[in-house]
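One-letter residues, chain by chain:
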Amino acid sequence: QVQLVESGGGLVQAGGSLRLSCAGSGSIFRANVMGWYRQAPGKQRELVASIVSGSRRTNVVDSVKGRFTISTDNARNTVYLQMISLKPEDTAVYYCYAAGTWGSVWGQGTQVTVSS
């Protein structure tokens, strides 16, 4: 069974930084695409950033460009989201996502709270 385990969320002041990690496990895990979504209270889940495995092709939503960076460690089946200059509007539950020939899977979510 393919699973994603996230870590790195927490409470930070505006202007601060956090790094989220998401590790994939399972005997058949090899994702083609990995990414991060977020869902703020009362809002729909939205894509934050995605990356094509084994390449540097990334897609980052305009609202976080220049502040968030997505990267992978393929040897560890791990995707990272480095977040700097955080704003209160970045407060949300962040979900890791992976898709491959075996289907797709979501992580359990990690809370990021940015105080003003």
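Just so it is clear, the model here is predicted, and its values are computed rather than measured. (Residues numbered from 1 in each chain as written. Predicted model: local features only at pLDDT ≥ 70, side-chain atom pairs only at ≥ 80, totals over all residues. Heavy atoms only, no water.)

Participant: I would appreciate a short explanation of the overall build of the protein in the present structure.
Facilitator: Looking only at helices and strands, the protein features 0 helices and 11 strands. Each helix and strand of the protein, placed in order from N terminus to C terminus, yields the pattern β-β-β-β-β-β-β-β-β-β-β. At 14 Å, the protein has a C-alpha radius of gyration in line with the 13 Å of a compact globule built from 116 residues. Seen through its principal axes, the protein has C-alpha atoms that stretch 45 × 25 × 25 Å. For the protein, buried positions account for 41% of its 116 residues. Surface exposure of the protein reaches about 6300 Å², of which carbon and sulfur atoms provide 46%. For the protein, the centre of its 11 positive side-chain charges and the centre of its 6 negative side-chain charges are spaced 6 Å apart. (Helix = DSSP H or I, 4+ residues; strand = E, 2+ residues; numbered from the N terminus. Rg over C-alpha atoms; globule rule 2.2 N^0.38 Å. Buried < 20%, exposed > 50% of the residue type's maximum accessible area, 1.4 Å probe, protein only. Areas by Shrake-Rupley, 256 points an atom, 1.4 Å probe, with all protein chains shown as cover. Lys, Arg positive; Asp, Glu negative; His and termini not counted. Charge placed at Lys NZ, Arg CZ, Asp CG, Glu CD.)

Participant: Teacher, can you tell me more about the environment of Gly 26 here?
Facilitator: Among the structural elements, Gly 26 can be located in the loop between β3 (18-25) and β4 (33-39). Taking the C-alpha atoms as reference points, Gly 26 and Val 60, 34 residues apart in sequence, are found 27 Å from one another. Setting aside residues up to four positions removed in sequence, Gly 26 forms contacts with Gln 1 and Val 2. (Contact = heavy atoms within 4.5 Å.)

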